[in-house]
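# Descriptive analysis of the structure
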Amino acid sequence: MRKYWLLLILPVALLVWWGLGRGGSAPTIHFTSARERTIESTVPTNGKVEPAEWAAARAEAAGVVQRIGVQRGQTVQAGQTLVWLDTLAAQSELAGALAQQQQAQAEDQDLAHGGKAAALASVENSIRSAQTALQVAERNYASMQRLAAQQAATKLQVQDARDAVDRARLQLAAFEDQRRTLVTASDRAVAEARLHNAQSSVSLAEHRLALDEVKAPLTGTVYQFDLKVGAYLQTGDLVALIGKLDQVKVVVYVDEPDLGRVGLGMPVSITWDARPGQVWWGHVDKLPTQVIALGSRTVGEVSTIVNNSGEGLLPGVTVNATIVSKVVRDTLSIPKAALRSMGGSAGVYKLDGHDLRWTAVKTGVSDINDVQILSGLTNGDKVADRVIQPSDAELHNGMRVRPAVDQ
């Protein structure tokens, strides 16, 4: 009889021992709940700041910087003088043109009065004017030679100054020959044409003298300016960059796979490491027309317009950009860490009592932390988030687990 009871008790004891052992070996799993959240699908990247509207101030005449009237960061008005160039060459040119004009006027007056005495007086005036023009040309040539020795003038400019001296000498020689021959009969039309030409030369010289002031092309902030007094500028050299900085353009570099998520008008937030905690907002203004290589990345350049009231963002700086591509409010979602893949399909391990049940889900948009669940779960369902103990436990369907504190 005792053996009979032992045979009955032994299997029961084995079952109890197996159940206790199975429960004790169950891994501890942290679970989270599917719940409604607001998800912002974003495209994080970086970019560079540029003025939305800007213009370059350039030298319209060659010369040495004599005086500076602005500095970087200063607000200027359109037409305000930024720098003044040395006017020696322009003044010499104007002096020569005035001398020629005086000469042409004297000749025209002598011809109007007629007679040998008037012609002689005209020739004498011409000689004096030519001598003055020669002196001016020689001074200009000497100045160019000094600048060339300092590498502040080109060979072409020196040659032009030398040619001017030669022309002045030839002019003087011609007038001296004229005095020797003293031709009394002159063509009035030729004299009038010469006077008109001299007047045009004076106007041109006065215009070139005005070009020795480099002026601001628009009202804005000087955000690039590096000139020093004594610098030599060639015609067309950059003097300053001026822009309106209350609104800036940020060119952001979006990786090729993310370009399909970016559209016109999407909100953009900008942060700059140099000013932590400050955020600027704007919108996508222009989409890329091509992709380019940027280091190891293949990107499209997306243009955004950003409000920069206070002008905190500076042109040329590199900033962080986040494009908000889609916002879904009050949608069922779970943390990304809870989403798994089995056989190429997305799913989760849902808690069913004390066991795991593999459940396929359909996902939507996601942000940095959460993913939208379109089907497969209901609000409040608990899904496996991470394994707590042992850390190397592998989850599988039907596995008995010990839930940790739920979120």
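Residues numbered from 1 in each chain as written. Predicted model: local features only at pLDDT ≥ 70, side-chain atom pairs only at ≥ 80, totals over all residues. Heavy atoms only, no water.

Mapped onto the elements of the fold, S341 is located in strand β15 (residues 340–342). With relative accessibility at 59%, the residue S341 sits in the exposed group. With 19 residues separating them in the primary sequence, S341 and A360 have C-alpha atoms 8.9 Å apart. (Helix = DSSP H or I, 4+ residues; strand = E, 2+ residues; numbered from the N terminus. Buried < 20%, exposed > 50% of the residue type's maximum accessible area, 1.4 Å probe, protein only.)

Turning to its location among the elements, L356 is positioned in strand β17 (residues 355–360). The spatial distance from the C-alpha of L356 to the C-alpha of N397 is 5.6 Å, given a sequence separation of 41 residues. The contacts of L356, once residues within four sequence positions are left out, are F31, Y349, K350, L395, H396, N397, G398, M399 and V401. (Contact = heavy atoms within 4.5 Å.)

Of note, the phi angle at E311 is positive, near 55 degrees, even though the residue is not glycine. On the secondary structure map, E311 appears in the loop between β13 (297–307) and β14 (318–335). Phi at D330 takes a positive value of approximately 50 degrees, unusual for a residue other than glycine. Turning to its location among the elements, D330 is positioned in strand β14. Look at D330 and you get exposed, because its relative accessible area is 58%.

Once that is clear, we can look at the nonpolar core. Counting 21 residues, the largest nonpolar core has V250, V254, I270, L313, V319 and I323 as its most contacted members. Filtering out sequence-adjacent residues up to four positions away, V254 remains in contact with V43, T45, L259, V262, T298, V299, G300, V302 and I323. Residues A55, L82, V83 and A216 belong to the second largest nonpolar core, which totals 19 residues. (Core = buried A, V, L, I, M, F, W, Y, C linked by side-chain atoms within 4.5 Å.)

Following the sequence through the fold, D367 ends up in the loop between β18 (362–366) and β19 (370–375). Buried D367, no salt bridge; nearest opposite-charge side chain is K336, N-O distance 5.7 Å. At 2.9 Å, the side chain of D367 forms a polar contact with the backbone nitrogen of N369. Discounting chain neighbours no more than four positions away, the residues touching D367 are T38, I39, E40 and K336. (Lys, Arg positive; Asp, Glu negative; His and termini not counted. Salt bridge = Lys/Arg side-chain N within 4 Å of Asp/Glu carboxyl O. Polar contact = N/O pair within 3.5 Å; in protein donor to acceptor, adjacent residues only side chain to side chain.)

This part is about the pairing of β17. Regular strands place side chains that alternate from one sheet face to the opposite one. Relative to β17, strand β16 (residues 345–352) runs antiparallel, the two sharing six bridges. By the bridge assignment, K350 is partnered in β17 with R357. (Pairing = 2+ DSSP bridges.)

Our next topic: the pairing of β18. Alignment of β18 against β19, held across three bridges, turns out to be antiparallel. By the bridge assignment, K362 is partnered in β19 with S375. Hairpin connection between β18 and β19: a loop of three residues separates the two successive antiparallel strands.

On to the packing of aromatic side chains. With the rule as written, the count across this model stands at one aromatic pair. With 5.2 Å between their ring centres and 65 degrees between their planes, Y349 and W358 make a pair best called edge-to-face. Its relative accessible area of 6% is what places Y349 among the buried residues. Overall, W358 belongs to the partly exposed group, its relative accessible area being 22%. Taking the ring centre of W84 as reference, the NZ or CZ of R67 above it sits at 3.7 Å. (Phe/Tyr/Trp six-rings, centres within 6.5 Å; stacked < 30°, edge-to-face > 60°. Lys NZ or Arg CZ within 6 Å of the ring centre and 35° of its normal.)

The values reported here are purely geometric and, on their own, carry no functional implication.
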